[in-house]
Amino acid sequence: MPSSALWAVDLFGRVHVLSTAGQSWELCRDTQLEFKRVSAATQCCWGLACDHQVYVRVRASAVPIRRQEEAYENQRWNPVGGFCDKLLPSDRWPWSDVSGLQPRLLDGVALPSPHWEWESDWHVDENFGGEPTEKGGWTYAIDFPATYTRDKKWNSCVRRRRWLRYRRYKSRDTWAKIPPKDDPQQLPDPFNDLSVGGWEITDEPVGHLSLWAVSLQGKVWYREDISHTNPEGSSWSLVDTPGEAVQISCGPHDLLWVTLWEGQALVREGISRNDPKGSSWSVVEPPTSENGIMHVSVGVAVVWAVTKDRKVWFRRGVSSHSPCGTSWMEMVGEMMMVDVGLNDQVWGIGYEDRAVYFRQGVTPSELSGKTWKAIVASQECDRSHCGSNSSLLSAGCFFGDEVRGSGESCAPSDTDASSEAERPGPDQPVPAESLDSPRNPECSSASGPGTSKTSEHATEGTSLAGQTSGPEPQPSQASTPAELPWTNIDLKEPKKAPGQGTAGLPDTASLCSLGLLPLGLDEPCSTGDHLLWAWVSGGGCAVEAHTVLKWFTVQSGLSPSVQALALSITPAQTAAWRTQIFQQLTERTRRELENFRHYEQAVEQSVWVKTGVLQWWCDWKPHKWVDVRVALEQFTGHDGARDGILFVYYVVHEEKKYLHVFLNEVTALVPVLSEAKHSFALYTPERTRQRWPVRLAAATEQDMNDWLALLNLSCCESWKVHGRPSVQAIWSTTCKGDIFVSEPSPDLEASEHLLPCDQMFWRQMGGHLRVVEAGGQGVVWGIGYDGTAWVYTGGYGGGCFQGLASSTSNVYAQSDVKSICIYENQRWNPVTGYTSRGLPTDRYMWSDASGLQECTKAGTKPPSLQWAWVSDWSVDFSVPGGADQEGWQYASDFPSSYHGYKTMRDFVRRRRWARKCKLVTSGPWLEVAPIALRDVSVIPESPGVSGRGHSIALWAVSDKGDVLCRLGVSELNPAGSSWLHVGTDQPFASVSVGGCHQVWAVARDGSAFYRGSVSPSQPAGDCWYHIPSPPKQRLKQVSVGQTSVYAVDENENLWYRQGVMPSYPQGSGWEHVSNNVRRVSVGPLDQVWVIANKVQGSHSLSRGTVCHRTGVRPLEPKGQGWDYGIGGGWDHICVRANATRAPRSASQERAGKQGLPNGPSLAAGAPREARGPVCC
Amino acid sequence: MTDDKDVLRDVWFGRIPTCFTLYQDEITEREAEPYYLLLPRISYLTLVTDKVKKHFQKVMRQEDISEIWFEYEGTPLKWHYPIGLLFDLLASSSALPWNITVHFKGFPEKDLLHCPSKDAIEAHFMSCVKEADALKHKSQVINEMQKKDHKQLWMGLHNDRFDQFWAINRKLMEYPAEENGFRYIPFRIYQTTTERPFIQKLFRPVATDGQLHTLGDLLKEVCPSAVAPEDGEKKNQVMIHGIEPMLETPLQWLSEHLSYPDNFLHISIIPQPVD
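What you see is a predicted model; the values in this text were computed from it and never measured.

Caption draft 1: Inspection of the UniProt feature "domain: Autophagy protein ATG5 UblA" (unreviewed entry) in chain B at higher detail. UniProt records the feature "domain: Autophagy protein ATG5 UblA" (unreviewed entry) at residues 11–104 of chain B, using the numbering of this structure. The annotated region residues 11–104 of chain B carries 24% helix and 28% strand content, and the separation between its end C-alpha atoms amounts to 31 Å.

Caption draft 2: Broad picture of helix α1 (residues 4–12) of chain B. For α1 of chain B, the set of buried residues is V7, L8, D10, V11 and W12 of chain B. Structurally, α1 of chain B contributes buried residues whose contacts are with α10 (576–593) of chain A together with α8 (162–172) and α10 (251–257) of chain B.

Caption draft 3: Region of the structure containing the UniProt feature "domain: Peroxin/Ferlin" (unreviewed entry) in chain A. Residue and element names in this part refer to chain A. If you check UniProt for "domain: Peroxin/Ferlin" (unreviewed entry), the listed places come out as residues 64–125, 137–170, 815–876 and 887–920 in our numbering. Secondary structure content for residues 64–125 is 0% helix and 37% strand, and the end C-alpha separation is 21 Å. End C-alpha to end C-alpha, residues 815–876 measures 23 Å, and it is 0% helix and 42% strand.

Caption draft 4: Spatial organisation of the domain arrangement of chain A. According to the domain assignment, chain A consists of domain 1 (5–63 + 172–376), domain 2 (66–169) and domain 3 (817–920). Computed over C-alpha atoms only, the centres of domain 2 of chain A and domain 3 of chain A are separated by 41 Å.

Caption draft 5: Summary view of the nonpolar core. One finds W955 and A1001 of chain A to be the most contacted residues of the largest nonpolar core, which totals 126 residues. Element by element, the count of residues in this core is highest for helix α12 (residues 701–718) of chain A, at eight residues.

Caption draft 6: Inspection of the domain arrangement of chain B at higher detail. All names here are of chain B. Taken domain by domain, chain B comprises domain 1 (16–103), domain 2 (117–174) and domain 3 (175–268). Its C-alpha centre places domain 1 at a distance of 26 Å from the equivalent point of domain 2. In this assembly, six residues from domain 1 lie in contact with six residues from domain 2. Among the residues forming the side of domain 1 that touches domain 2, the class breakdown is three nonpolar, three polar and no charged.

Caption draft 7: Fine view of the packing of helix α5 (residues 118–137) of chain B against helix α7 (residues 147–158) of chain B. Residue and element names in this part refer to chain B. Two numbers describe how α5 lies on α7: the axes approach to 11 Å, and their chain directions differ by 120°. With respect to each other, α5 and α7 are oriented oblique. The hand of the α5/α7 crossing is right-handed. Contacts between α5 and α7 pair E122, F125, M126 and V129 from the former with H150, L153, W154 and L157 from the latter. Tallied by class, the residues present in the contact of α5 with α7 amount to six nonpolar, one polar and one charged.

Caption draft 8: Structural context of the packing of α7 of chain B against α8 of chain B. Residue and element names in this part refer to chain B. Where α7 meets α8, the axes come as close as 7 Å, and the angle between the chain directions of the two elements is 140°. Taken together, the axes of α7 and α8 lie oblique to each other. Taken as a pair, α7 and α8 cross one another with a handedness that is left-handed. Between α7 and α8, the residues in contact are D149, Q152, L153, M155, G156 and L157 and Q164, F165, I168 and N169, respectively. Here the contact of α7 with α8 is composed, by residue class, of five nonpolar, four polar and one charged.

The rules we used
- Residues numbered from 1 in each chain as written.
- Chains lettered and ligands numbered in written order.
- Predicted model: local features only at pLDDT ≥ 70, side-chain atom pairs only at ≥ 80, totals over all residues.
- UniProt positions renumbered as here; feature names shortened; annotations may be inferred.
- Helix = DSSP H or I, 4+ residues; strand = E, 2+ residues; numbered from the N terminus.
- Buried ≥ 20, exposed ≤ 12 C-beta atoms within 10 Å, placed from the backbone.
- Contact = placed C-beta atoms within 7 Å.
- Domains from an automatic or database assignment.
- Core = buried A, V, L, I, M, F, W, Y, C linked by C-beta atoms within 7 Å.
- Nonpolar A, V, L, I, M, F, W, Y, C, P; charged D, E, K, R; others polar.
- Axes fitted to C-alpha atoms, helices over the stretch in contact; angles between N-to-C directions.
- Parallel < 35°, antiparallel > 145°, perpendicular 65-115°, else oblique.
- Left-handed = near helix turned anticlockwise from the far one by under 90°.

Rendered as structure tokens:
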């Protein structure tokens, strides 16, 4: 979960921001503006300033807000001058819009407001429906309006071409004034209140917001057309009200409440996707007639109100269907105002003390929460830069000591008051303060490990603070850190900021020195001991049940979580004390064992058996779950090698039988969680070939986790796999989002005696991802189902792997969100039209996509117990084929193709309902906020190229289709530092960066693009070269190896790009390789691996199988056949880190030291120099 | 990169090469050969010396055999101390193998507890584990465990099975995420120079200001004589499992990684050997 922000206005009209990860308010310093009210959404904050003007502050992001402007140039042929702009009088304008009805001169296209700027000049669009055009982008037709073609024919009398220009929204992270509504016929009517919401009403357009405002005259206004690409909206429109409004609140979804002068509330009805303004008003009476409603705030399914006597009320029974609710319930506390934010969390401003309160204990099942808790976060110094995640998070740790002084007085710490009392009594000798020299007050925040060095460092910090006076150093400190929260703290490059820790030091030291900086500077900002507040808005603040907030305690020194974070990432791993313990233990073992290995062991190794009762999905028909007794026998051989056998005892026809599995033959253990069963599948090479794993189920989740953990541990022991995966590891994910990793043996890519890929051992990693992409030097990125980008931290375990199977550090909480879809089906009959009464032969009226399973709204459960619903069912309009206004898709009969409009021949219709569910797990992943991704690619590990010194190339496509290039990615900082946006004329879908920085991408229209001139010194390249897709196919994914380029189209064909040469990197044509391929991954040895559908095993057919292309050689890059590996149910594979070849390389030695299976002895085998890739 | 989990293995698989010799005054039928054995540091003498007992009993008459006990350089060895602790405390500066004298007579009643059977070791071990959990989690974790889990802890130690033991023991090493460590650190500090068998006090892993306490903090508080003054000469070694962790090492980390199977940190303070 990235940090998000709570916005508030103090009594002086200054706007402050409090991060969910931070501990202190940060001032939004901006011009001389003073604000009355703010209303926040995730991506922006709207404010009403004291000049009664409306402002919007859009959060900065690496991806620009970019709008395409287009104009058409139209020409007609005449016998004299050929094509020219002399048109017939009846023709359209020579320069027009797409319809030809409006004139549109290039010079006449103006920027909509001063907050926009042009990105470049006008240029001709050469892409026509996925095909490149020749001759300057002209398309030809017989006459205007007609169908245009790419080719000029004998009867082409007219032609046109499209001109493009992009404009960018430039006023980000600053308050941008919205032009006032100037109606000359009316007296000015300034605004009095505003509220933003509505982001859950619709996905179309992206980033839609509803902004409502109330004027001093009591009128209600709606701002039209606010979306991601039009953050300012376009115009104000008046919405009639039956009374004089004073205040308004708009929820994330369809709730809108208004308070009236008379004390009643107005509730808007009929707000929907098609009508975000709603249709009518209903009146709700105040709780008591003498005290009318003064303030109201609404969420998704809650309404809170404050009456004139400052009492707080909760409205019962509010929902989308019943926006008025049923009755008022009085809550404890007296408030000035309350505000409902994301997840229906509630904040308020206390009437007595003007403090900001947070409502604790608000959960979906208990929306009214439990208690009000005051936020005691203290005030932060001025910061010119605010609103972006990076600087917000850093607030919590950089200014530790300043907070101490100002914070302690305002609220007593409620940490652990009893701890003092429980300490040993006074008879215990208390350590003398003098002994403890580094613990002077300035440094107490970091006098942890490495004390002596810390104090030295602290002195440096002091001198630095002394030298630079004035507030300058702070903004620079604040803006220096890279974008990622954790890079701020730990992986910061030491050269960038003065006074920070040098590489070898524990990083707490650098924090300490930073903590000193504000000491001399805090006077200007600590004007009052605590701030008095006027307004708060939680619309951009995501707090969930498990979010740990640090707002309620006074910050003392380094906050614990920051400390934990600092300890957990690399620098602490190299802390002197830890290194010494490792060294001494090694030394001890040498001293005490080396000369005595011939001694007898005191304890003989024995067999250990774990038994239990499980269920087994029996091998014979009819397949069903049968009760079995299971025993795992583990034993140790004379050489110390460990092995085990799993026995499954079953009874068939009253005869006792068993099957057994040697653990050293197990190739994968896959949890198969469903709503009903806690089961797992166990694969061996033979079972993989059969496509029929051993499936076992446990009675409880705990029981299953115990078995799975034990079996995993034993298997890893048998395969001698432990610790973090090597940098060459092959990563994959299943359709359940489980992550598996395999250590490549050198024989895997051998030209002869190839290791069959069904013999690879797959070990599970904690976490939940849709995509994992690895590349050179151990850089591994993942993308969750919700598009969140994650970077691998170097740990292992997490999820259900606890204890020994998990690394001590580098495992963090991870969450993912996905949508579950069901279909509502209806059939038309002549009497009543479409009804939910189908023919007896029809599918269920509520079903899954296939229609075979009944799926009702009430009966559909989240995929497994790990998942919990986080939203209600809603109609999903973004269905392939389109949908009408109510989300219906029509067809002539049920199993058929659907379209989004009704015709005479359509007798059935369906619509898709979606509901979001969320999973919380843990794994060795850290979030790379804030941009959600669709695809990512890391430059593959190039054999023999060290690549050091340059940052590692990493490209991505955002969920909105923007192409991005990550800067600053290195072995030590795999998360990189920032995104560089690479402009495109249309949204993209897939990107891949191969050897020698060849970058290929696939656009959403199915055509491919090659990026020219990408090099380490020019990481984003210069321009796109359009590559037509294979005839009549739309590509969906591309993968570039060392020299080979492969692509997969929407019909699951695999294509090889022919003729790719260093002199002509775009290649000459596509060559068909295979069908039934869902995804391809080409590695640094030009090895080709795919996820294939429909692989026939001896027992069953599998979908989603890992396959390896055999016979790939330099002269035969397309290979010859397939070798089938693990599956089905696999969704993604990445072999792009595996450059493991015969002669031992430095990286293999490294892997060998970690005790990984491809140790030096293995790596030394199989001479394979012959199959080196052709370097470009 | 080495992971902290490897420390657990190193600690578990620590072995001390030992030479057992029968006490000269014991009556034997024929000469008793010394017996060489690798003793697990984390185990207990009477738990792992069945072979020793059998070896010497072969050369003795039945009537001369009573309860076996061990002695090193005149000091009777307490079986209820882990072997590694005994070695660190008494013999760490001497040459290997460790020479232990085996007695069958003259049980030193005032120095040693009787060990009638392995049940006594189990009872002692489990009571230590329970005491440690009382300190760490107010006994909540150990009480939530089933009987078979307790048994698995013991059997893991008994059979020297790391996985078996740690599959359960990890639960004893967990703590709530909002805390930064255990409630109190179960530790015992042993010194050869004092009469007191060991020091054991309540000590929290995290200071009131949120700082993690270190090994040095602990020693300064409960055993100030063990730490040398800032500029002074180092007089003592602070030893756990045969190594000397730096005083800056966080105590919570030590407790999680260098505790003996009984969940206690057994810390030996021994005089710095003079070269």
